[in-house]
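# Geometric and topological summary
This is what each chain is made of:
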Amino acid sequence: MSNFTSEDEALLQSMLRQLLQSVKDKITGAPSVECAEEILLHLEETDENFHNYEFVKYLRQYIKNTVGPVIDEETEKYTSAQNQCEISGYDTLVQLLTKKTRESKEYREMMHALKNVMMVVVESLINKFEEDRMHNKELDSKTKKERQSGYSTDNCSDSDSSFNQSYAFMSQEQLQLLAERLDPLQPKEVRQEALQMLCLAPPSDILSSESWPNLRKHLTISLSDPDATFSEKILRFYAKTFSSSPFNMTREVYTSLAKHLELYFLSGEHSLRISAGLDVSNTDINRLLKKVRLLNEYQKEAPSSWIRHPEKYMEDVVESTLSLLSVKQEPNHPASPDFLGPVHFLALIDIKAVWFKKWTHAYYSRRVVLRLLEKKYKSLIIAAVQQCLDYFEFCKAAANKSSKVSGFSQQRCSDKQTFSYTGQELQYIYFVHSLCLLGRLLIYKQGQNLFPVQLKNKKGSVSITDMVVLFTQLIYYSPSYPKTALTAHTDSYSPEGLVMEILQVFCDQTGCVAECLYTDTVIDALLHPVQSLLNGTEVYINCLETALFDVADILARITASEDGLSLLLYGENEKNAKESPTAAHVIVQFTKKLLHDDVSLLSGSELLPVVKGAFIFICRQMYKTCEGLQMLIPYGLHESLAEAWRKTSLLSERVSTPVSGADSTSSISLESKNFLLWEETLLDALLYFSTTPKGLFLLHSTGAMNDCVNFMFSSLSKKLQTNEYEEFGNRVIVTQMATTPMGAVALQSSGFIKALVTELWSLLECGKDDVRITQPKSTPVDPIDQSCQKSFLSLVNLLTYPAVFELLSKRNIPDKPVYSFREVPSDVIDIIDRLIILNSEAKIHSLFSYEQSHIFGLRLLNVLCCELNTLLLLETQYKVSQVLLTAQEENVTEASEGPGVFIIDGLSVERNHILVRINLIGGPQERILPLRALDKGSDPYPWPMFSSFPLPKCYLAEIPRKAEFRQDKDLDKLLTLLRSPEKPTGWAENCRRQFCKVMKARSDSIGGPVLAELIEKFVSHLSESRTDCYFSTGNYKAMEIDVKKEGLSSVQQLGLEMTVRYGKYLNLLKEDAENGLCFVLVNCEKFLKQQQRTVVSSLCCLQERYAGYDWFASSIFLIMSGDRERTLTFLQQFSRLLVSAFLWLPRLHLSIHLPVTTVEYGIHPIYFCSAHHIEMLLKAELPLVCSAFHMSGFTPSQEEALHGFRVSDYLDYMENLEAIYRPMLLKDMRTIRVQNT
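Residues numbered from 1 in each chain as written. Predicted model: local features only at pLDDT ≥ 70, side-chain atom pairs only at ≥ 80, totals over all residues. Heavy atoms only, no water.

## Description of the confidence of the model for the chain
The condition is simple: The predictor attaches a confidence to each residue, and that confidence, scored 0 to 100, is pLDDT. Contacts: residue pairs with any heavy atoms within 4.5 Å of one another.
Counting all residues, the mean pLDDT for the chain is 83, and 85% of those residues have values of 70 or more. Of the regions scoring below 50 in pLDDT, residues 403–407 engages in 10 contacts with residues more than four places distant in sequence or in other chains.

## Focus on empty space enclosed by the protein
Worth spelling out the cut-off: For cavity detection a 1 Å grid was placed over the protein atoms alone, and a set of points counts as a cavity when a 1.4 Å probe fits there but cannot get out; an open set counts as a pocket when protein lies on both sides within 12 Å along at least five of seven lines, with lining residues being those that have an atom within 4 Å of a point. Grid points are joined across faces, edges and corners, and a volume is the space filled by probe spheres set on the points. Strands are runs of DSSP state E lasting at least two residues, helices are runs of H or I lasting at least four, and both sets are numbered from the N terminus onward.
Using the criterion set out here, one finds 9 cavities of 30 Å³ or more in the structure. Taken as a whole, the largest cavity encloses approximately 110 Å³ of empty space. Lining the largest cavity are 13 residues, with Val343, Leu380, Ala384, His433 and Leu437 positioned closest to its centre. Elements supplying a minimum of two residues to the lining of the largest cavity: helix H15 (311–325), helix H17 (354–359), helix H19 (378–400) and helix H20 (423–441).

## Let's talk about the packing of helix H40 (residues 801–808) against helix H44 (residues 868–878)
The description of two helices packed together rests on the angle between their axes and the distance between the axes. Cut-off, in case you're wondering: Fitted lines through C-alpha atoms give the axes, limited to the stretch in contact for helices. The angle between two N-to-C directions lies from 0 to 180 degrees. For classification purposes, angles smaller than 35 degrees are called roughly parallel, those larger than 145 roughly antiparallel, those between 65 and 115 roughly perpendicular, and all remaining angles oblique. Here a crossing is called left-handed whenever its near helix is offset anticlockwise from the far helix by less than a right angle, and right-handed whenever the offset is clockwise. Under the scheme applied, nonpolar residues are Ala, Val, Leu, Ile, Met, Phe, Trp, Tyr, Cys and Pro; charged residues are Asp, Glu, Lys and Arg; polar residues are all the others, including Gly.
One way to put it is that H40 packs onto H44 with a least axis distance of 9 Å and a crossing angle of 20 degrees. One way to sum up the angle between H40 and H44 is to call them roughly parallel. Seen along the crossing, H40 lies across H44 with a hand that is left-handed. The segment H40 lies against H44, with Tyr801, Val804, Phe805 and Leu808 engaging Asn869, Thr870, Leu873, Leu874, Gln877 and Tyr878. Its residues assigned to classes, the contact of H40 with H44 shows 7 nonpolar, 3 polar and no charged.

## Digging into the side chain of Lys612
Put simply, the rule reads: Categorising residues by exposure relies on relative accessible area from a 1.4 Å probe, with only protein chains included: less than 20% of the type maximum marks a residue as buried, more than 50% marks it as exposed, and the intermediate range marks it as partly exposed.
Within the secondary structure, Lys612 is located in helix H30 (residues 608–623). The buried category is assigned to Lys612, whose relative accessible area is 9%. Not counting the four nearest positions on each side in its chain, Lys612 is found in contact with Leu594, Asp597 and Trp678.

## Description of the packing of aromatic side chains
Selection rule: Geometry of aromatic contacts follows a simple scheme: Phe, Tyr and Trp rings, the Trp one being its six-membered ring, pair when their centres are within 6.5 Å, and the pair is stacked under 30 degrees between planes, edge-to-face over 60, tilted otherwise. Note on geometry: a ring has a charge over it if NZ (lysine) or CZ (arginine) is within 6 Å of the ring centre and within 35 degrees of the ring normal.
Enumeration according to the criterion identifies 32 aromatic pairs in this entry. Aromatic side chains Tyr428 and Phe431 sit 5.7 Å apart centroid to centroid with 40 degrees between the ring planes, which places their arrangement in the tilted category. Residue Tyr428 and its partner Phe431 are located together in helix H20, separated by 3 residues, close to a single helical turn. For the residue pair Tyr428 and Phe431, the accessibility class agrees, reading buried in each case. One aromatic cluster is present, built from ring pairs that chain together Phe242, Phe247, Tyr254, Tyr298, Trp306, Trp355, Phe356 and Trp359. Seen from the ring of Phe1079, Arg1124 lies directly overhead, with NZ or CZ sitting 4.2 Å from the centre. We note Arg1147 situated over the ring of Phe1031; from NZ or CZ to the ring centre the distance is 4.6 Å.

## What about unusual backbone geometry?
It is generally the case that most residues other than glycine have a negative phi and that most peptide bonds are trans. A cis amide bond, omega 5 degrees, links Phe451 with the succeeding residue Pro452. Here Pro452 shows up in the loop between helix H21 (445–448) and helix H22 (464–477). With omega at 5 degrees, the peptide bond leading from Phe949 into Pro950 counts as cis. Within the secondary structure layout, Pro950 lies in the loop between helix H46 (906–919) and helix H47 (969–979). Even without being a glycine, Ala353 presents a positive backbone phi close to 55 degrees. Assignment of secondary structure puts Ala353 in the loop between helix H16 (342–349) and H17. According to the relative accessible area criterion, Ala353 is buried, its value standing at 2%. Phi is positive for Asp815, which is not a glycine, with a value near 50 degrees. For Asp815, the location among the structural elements is in the loop between H40 and helix H41 (828–836). Asp815 gets classed as partly exposed once you look at its relative accessible area, which sits at 39%.

## A word on the packing of helix H38 (residues 752–766) against helix H43 (residues 850–864)
Here H38 crosses H43 at 140 degrees, and the two axes come no closer than 9 Å. Residue-level inspection shows Leu760, Leu764 and Glu765 of H38 in contact with H43, the latter providing Gln852, Ser853 and Phe856. When grouped by side-chain class, the residues that make up the contact of H38 with H43 number 3 nonpolar, 2 polar and 1 charged.

## Section: H30
Rules: Take the residue count of a helix, subtract one, and multiply by 1.5 Å to get its expected span.
Compared with the 22 Å implied by 1.5 Å per residue over 16 residues, the 22 Å span of H30 between its first and last C-alpha is a close match. Within H30, 13 of the 16 residues are buried, which leaves it mostly tucked inside the rest of the structure.

## Focus on the state of the cysteines
Put plainly, two cysteines are in a disulfide when a covalent bond ties their sulfur atoms together. The following threshold applies: Cysteine sulfurs are considered disulfide-paired once they come within 2.5 Å of each other.
Counted under the stated rule, the structure contains 0 disulfides. Of the cysteine sulfurs around Cys436, a residue in no disulfide, the closest is that of Cys388, at 9.2 Å. Cys1100 supplies the cysteine sulfur nearest to Cys1101, a cysteine that is in no disulfide, at a spacing of 7.5 Å. On the basis of relative accessible area, Cys1101 is assigned to the buried category, the value being 12%.

## A few points about the side chain of Thr255
Quick note on the threshold: A 3.5 Å cut-off defines polar contacts: any pair of N or O atoms within that distance qualifies, except that in protein one atom must be a possible hydrogen donor and the other a possible acceptor, and neighbouring residues in sequence count only when both atoms are side-chain atoms.
You can see Thr255 is positioned in helix H13 (residues 247–266). Accessibility expressed as a relative area gives 14% for Thr255, which makes it buried. A distance of 2.9 Å separates a polar side-chain atom of Thr255 from the backbone oxygen of Glu252. Among residues more than four places away in sequence, those in contact with Thr255 are Arg216, Asp316, Val317 and Ser320.

## Thoughts on a negative patch on the surface
Rule in force here: A patch consists of residues whose relative accessible area exceeds 30% and which take part in no salt bridge; residues with like charges are grouped when within 9 Å of each other, and nonpolar side chains (Val, Leu, Ile, Met, Phe, Trp, Tyr) when within 5 Å. Method for areas: the Shrake-Rupley scheme with a 1.4 Å probe, in which residue coverage is limited to the protein chains shown. We count a salt bridge whenever a side-chain nitrogen from Lys or Arg sits within 4 Å of a carboxyl oxygen from Asp or Glu. Charge assignment: positive for Lys and Arg, negative for Asp and Glu; neither His nor the chain ends contribute. Every charge is mapped onto a representative atom, which is NZ of Lys, CZ of Arg, CG of Asp or CD of Glu.
A cluster of acidic side chains, namely Asp72, Glu73, Glu76, Glu106 and Glu109, defines a negative patch on the protein surface. Going through the elements one at a time, helix H5 (54–83) and helix H7 (105–148) are the ones with two or more residues in the negative patch. Looking at the element boundaries, Glu76 is found in helix H5.

## Quick notes on the environment of Val468
The residue Val468 is located in helix H22 in this model. Through-space distance from the C-alpha of Val468 to that of Leu526 is 10.0 Å; in sequence the pair is 58 residues apart. Contact partners of Val468, with chain neighbours within four places excluded, come to Leu503, Phe506, Cys516, Leu517 and Val522.

## Notes on the nonpolar core
Operational definition: For our purposes a nonpolar core is just a set of buried Ala, Val, Leu, Ile, Met, Phe, Trp, Tyr and Cys residues, chained together by side-chain atoms within 4.5 Å.
Of all hydrophobic cores here, the largest spans 315 residues; its most connected members are Leu373, Phe451, Phe506 and Leu517. The contacts of Phe451, once residues within four sequence positions are left out, are Ile381, Val385, Leu438, Leu441, Leu442, Val462, Ser463, Ile464 and Met467. The next biggest cluster of nonpolar side chains, apart from the first, holds 19 residues, and it includes Met15, Leu19, Phe50 and Leu125.

Below, the structure is given as structure tokens:
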């Protein structure tokens, strides 16, 4: 088989020619010979018919017959060897066989024979090509002479000549000849033959030839040829050029086609009118549409490549297009408004103006398009605006007549194919095109600069606001469609669907939303149907439900942004608020009417729940912020939602159970699903009240707390909330709920805490079940592994003191003798038992990752102990410090003589840090906390460890000596004011002003005795004024009692010891101070108990004594330098003032001054009043800090201290904040006696 016969050579030549003919288009379209070679080399990858070519089949069979036996032999040989494990050095058998086959004698002979025969075959093809080329050259020369002599040239060319079938490139002479033959003066047959030859030639050769200008001119003229076949061939040539040539060449073809169309419309040959309609089956119209379609296809493809070419090329294409679209009849022509122009034909092809969207997408081209529109072709924009206005007037007139719009805007609903358009349909198609074009134009700043525009038949100009108002009005004045349009506008040309797409894009574009949507005029236009329904005026709106749903969708998008929310709450100009109610008031009023089913036009509508849900969502966007909730509170929306939920819950329970075999099964099931969906919508709306402190208080008042928490946990369990923003919202909700006792209990009963603890345990000890382990897990290098950080933050957010007290109060840790490996914690108490208090071998051995899990628990304990009340609770119930000291004592080396040395590891370092933190209270200048990281060098941990108290003195910061008191005129003046027996009107304000003056000059001068005297005199003065006394306290006289016999709770005892130890450290208290503080605490408890009521509640915090330590009374005791009588007198006077309710937390515990329902919630006014305003202030003054809180899941109301902040450094700023927010806060503070503040 290695020898080829002459028959084989002839056969190969034929097959190779066939292959080259099949791929001729790919080769001739290549810009260079190298590219053509590359195409042939990768033909198998790009040509799906590659294996069907005869040449390929022949080669495959030849190779199989030649080296097939060699492959079979080698396969059999090495397969047996592989079974005996004799093969080595190769990865696979295939690689081995390939190598052996290529090294065989048969393979070398086959390649040599193939090479020789293919050289002969290729040489024969080249010779044949040269003969064909010479023959054609002679033929062309003969044809030219005959033409010059005036003879007929009917038979001058053979359409089946080898030239036409050739795959070679054309010469300049041939192209010049083609250009001459395509001259319109030439006979028809000559031009047709030349055009056929032109279509077979490579477009790159034609466009780069010297004869192209003449050729282009002749082609442009020939496009108007009455012979449809001839002009269609030119269009095919244009299409081939567009698809295979670079932009710098195709732009000339495009501009020639655009110029031809422009001349065609200007020539007057086109006499169609809009009113007469359009029959696309007409031959001339069909040809015209094909030309416009080819133009439009290029318009949509060109932007992908023109950025790689000079801007002038792109500008030529843009200008030729705009020039064509601007063609219109003379204004004085009687049929000018009825003129069917190029823009109408383009709208038929590209109804949504995709070409304009692509042209304006990139700044490179958008700048040129908008500049040309502004300077030369603004008439295009004016015509589009006029078309939109005309359509709106038509719709408005039809709506006022209470009739549906007919064919002007109706979509084709039948499946029967039609070939004609009425005049009204043409107008509507042009309207849709104009609407989409204007919607895209208004996105960009330069596009907005084209407005206002002046219309001929309108007195005033049309501004951007006028256009957006027009878009908005189209939502509710456009014709009605089937109800399915409510849920999907996709691929729909309905006006409201198109307008919704445009307005939604506006909402998403921060650059244009303020200019286009954030105006009172636009908001009023959006709320027009809502306002009409509220006022009871007659409404001329098609498909009211659809319009309301669309309006709600846009309003919800506006409310999602800070600026949009401010616009709805306060109007366009917040300082000069308009007299009429703002949008927020209108929306909440309408939402309440919907919830009460008080809108007669919507009664009985199937879509009413959808409309309700849409407007509830807008309100939710508002009341989940502090400022929005403040404005919505007077309307009692939470009560309306709760009432609707209770009603729906009862109805859903009454839905009868489907009976087997009954016909109504499906309807009952659908009704049940609808009730369930509506119930979940209401629960979700109620749940979002808990994103703010005051909103959470309102949620408590509805009685739906437990149901909302159950719904939230169910949604999270089903992973319905996939949006990151919603996830952050859920974290904030959980954190806010955990700040209240009832919220913490609800989280516990719903199973949320159990799920959180279980997930944490699986991450710490088990790992994810769905992760396939292919290699051992790496040892964590961080104290808390990255996979556990989210769970850690979730626990920190959850374990506020109210939650800790409710979940742990009077509960002992399990302390089991044996723990199973499969025993998974399910509660917070289990986390403390298994991860923090590891006081037995059983607990240690039950952990797979002992060190990592225990460090996690110690880090959690470290955070929890930052809250002093939590520290006292953990210490009194679980003796945390003693557990840690014992662990430190056991973590020493064994020594033959003397005490052992502490082993420094991750656990001992963590324990050392916690022990110092919980034993020393104070700020960063009063204690030194050891680091939790090791240093490099010989002494990696310089901090001394200990296993018993007291602490080493190195952790006690040195108390700075008091500066020598220097006389200060401002301070003397302040003291004189305080000690003055006469206190005229304005005395308090004078003291305040003088105090601020001293603070700004020498803040360190006010301290110790001066501070004690200042607050004592000031409070004494205020307590004597009836206007300043908010509470009536009655008479209480402190009794000399033996304080040692009075029983203080264990938490109070430990808090007392910590306070006295801290006071002695600061040299504020004497040795007998403990008895004095005990006297103050006992009398305060008795004094406040006179003003408490008895409440029956399951909450631990409402059982008699205040659930915590009285830190405020202890702080006053320190300020008064341990003077118990002076302290008690001050607290009695202070308790009459309103401010005592917010600074002295035990003051309102079970207080008779609060509504009984407020007391039963266990929520202190400092939370739903002060903390609420703190969050509002933070969002207004430091929005980025507020966002950081929410992103982390924390809330500003959780933070109790701000270390390192000196009021005197920011006194001016603080005074400014006071002027803005104090009146609002005081108003809320004074209403704490009222339910549902």
